[in-house]
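Here's the letter readout for the chains.
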Amino acid sequence: WEVNGSFHQPSAFLMMGIPGLEALHPWISIPFCALYLTALSGNCVILFIIRRTPSLHEPMYYFLSMLAVTDLGLALCTLPTTLGLLWFDVRRIAFDACLAQMYFIHILSFIESSVLLAMAFDRFVAISHPLRHPAILTRTTVLKIGLAIVLRGMVSLLPIPFLLKRLNYCGRTELSHSFCFHPDIMNLACADIKVNVFYGMIILLSTVGMDFVFIVLSYILIIRTVVSLTTKEECLKALNTCVSHICAVLVFFIPMIGLSMIHRFGKNLPPLVNTLVAYTYLIIPPALNPVIYSIKSTHIREALLRALCRKRG
């Protein structure tokens, strides 16, 4: 503990694994390793395919590249501490290192939310205004959107580590997960955390909350456009281009909303529920997104098959 008068700050926190299943951690690490391997290899393959295939140099696939980079970052943020705990029972994480991990996890989560919104806007323009799509979403525009997404995440979350460092901690140092989360750290303080709660809620609603609302509005407008199409084949073709994105939105937002609700209102739930939802939120989307797009996107699938054929040849 670092003590300055009445101010107490822990030198480190203790991470938790799967509650009640600590003896099975080596076996539990096997599916975790599979998920991390899928996330790292799958997103790297997506980036490689888009980079090497000129026909995929379009706004939709630029945004998919952003999503893949974000998923890689999320997987790499949690991989060292999660596997370190499951393999070697390394539970200790330094206070500043915990704040750094928390900051990057939340930034990447906010970025992923914003990228999904940008992808929804891309689908809306492509379906509602197909002739104007190349003129509206140029490379420069896509780059500006990407920079704005990153800056919004970095700036909006910048005060969070400083708000946590000002708090007085005493007694408990056990986190609920094998990684650092803002609500988790905040609840260990024995000080007034109203500012942290208020700021966290405002930022969450004004970023991820607004992103979700605009994604829903985008699909309402897309459905209106699709309904106005003359033939059933045109309707199905238009909707088929959105299936992968809808799956990615559901895989990301459902666990995120569930985890937020649990941290704020689920104090009486079993710890195992909190842990499973947290792992689902941070590990499943990076692993599933490349699989979803590889299966549903004909262009990605064909480019991947061509690359494999060239390698064998």
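Residues numbered from 1 in each chain as written. Predicted model: local features only at pLDDT ≥ 70, side-chain atom pairs only at ≥ 80, totals over all residues. Heavy atoms only, no water.

Trainee: Break down the UniProt feature "transmembrane region" (unreviewed entry) in the protein chain for me, citing the residues and quoting the values.
Mentor: Within this structure's numbering, the places UniProt gives as "transmembrane region" (unreviewed entry) are residues 24-50, 62-88, 100-121, 142-164, 197-222, 243-264 and 276-295. As annotated, residues 24-50 has a helix share of 96% and a strand share of 0%, and its two end C-alpha atoms lie 40 Å apart. (UniProt positions renumbered as here; feature names shortened; annotations may be inferred. Helix = DSSP H or I, 4+ residues; strand = E, 2+ residues; numbered from the N terminus.)

Trainee: Mind laying out the packing of aromatic side chains, listing which residues take part and the relevant values?
Mentor: Going through the model one piece at a time under the given rule, you end up with 12 aromatic pairs. A centroid spacing of 5.1 Å and a plane angle of 50° characterise the contact between Phe-212 and Phe-253, whose relative ring orientation is tilted. With Phe-212 in helix H8 (residues 194-227) and Phe-253 in helix H10 (residues 243-265), this pair connects stretches of sequence that are 41 residues apart. Residue classification places Phe-212 among the partly exposed positions, given a relative accessible area of 33%. One aromatic cluster in this structure is built from Phe-32, Phe-179, Phe-181, Phe-212, Phe-252, Phe-253, Tyr-279 and Tyr-281. (Phe/Tyr/Trp six-rings, centres within 6.5 Å; stacked < 30°, edge-to-face > 60°. Buried < 20%, exposed > 50% of the residue type's maximum accessible area, 1.4 Å probe, protein only.)

Trainee: Pulling in residues and values, what's your account of the pattern of salt bridges?
Mentor: Per the stated rule, a full pass over the model turns up three salt bridges. One salt bridge in this structure joins Lys-165 and Asp-96, with 3.0 Å as the shortest N-O distance. On the criterion of sequence distance, the pair formed by Lys-165 in helix H6 (residues 159-165) and Asp-96 in helix H3 (residues 95-128) is long-range, its members being 69 residues apart. (Salt bridge = Lys/Arg side-chain N within 4 Å of Asp/Glu carboxyl O.)

Trainee: If you had to explain the packing of H3 against helix H11 (residues 271-296) to someone new, which residues and values would you point to?
Mentor: One can describe the packing of H3 onto H11 by two numbers: an axis separation of 12 Å at closest approach and a directional angle of 35°. Remark: the crossing between H3 and H11 carries left-handed chirality. Note on element contacts: H11 touches H3 through Tyr-281, Leu-282, Pro-285, Asn-289 and Tyr-293, opposite Ile-105, Ser-109, Glu-112 and Met-119. (Axes fitted to C-alpha atoms, helices over the stretch in contact; angles between N-to-C directions. Left-handed = near helix turned anticlockwise from the far one by under 90°. Contact = heavy atoms within 4.5 Å.)

Trainee: So what's going on with the side chain of Ser-29? Which residues, and what values?
Mentor: Looking at where Ser-29 falls in the secondary structure, it is placed in helix H1 (residues 25-52). The contact partners of Ser-29, leaving out residues within four places of it in the chain, are Leu-86 and Trp-87.

Trainee: An account of H8 is requested, with residue identities and associated values reported.
Mentor: Every α-helix winds through 3.6 residues per turn, so residues three or four apart in the chain are directed the same way. An ideal rise of 1.5 Å per residue puts 50 Å on 34 residues; H8 measures up with 47 Å between its terminal C-alpha atoms. Maximal helix bending in H8 amounts to about 35°, located at Leu-205. (Expected span 1.5 Å × (residues − 1). Bend = angle between axes of the 7 residues up to and from the residue.)

Trainee: A description of the side chain of Gln-9 should follow, citing residues and the corresponding values.
Mentor: Mapped onto the fold, Gln-9 is located in strand S2 (residues 7-9). Among the polar contacts made by the side chain of Gln-9, one reaches the main-chain carbonyl oxygen of Lys-165 at a distance of 3.1 Å. (Polar contact = N/O pair within 3.5 Å; in protein donor to acceptor, adjacent residues only side chain to side chain.)

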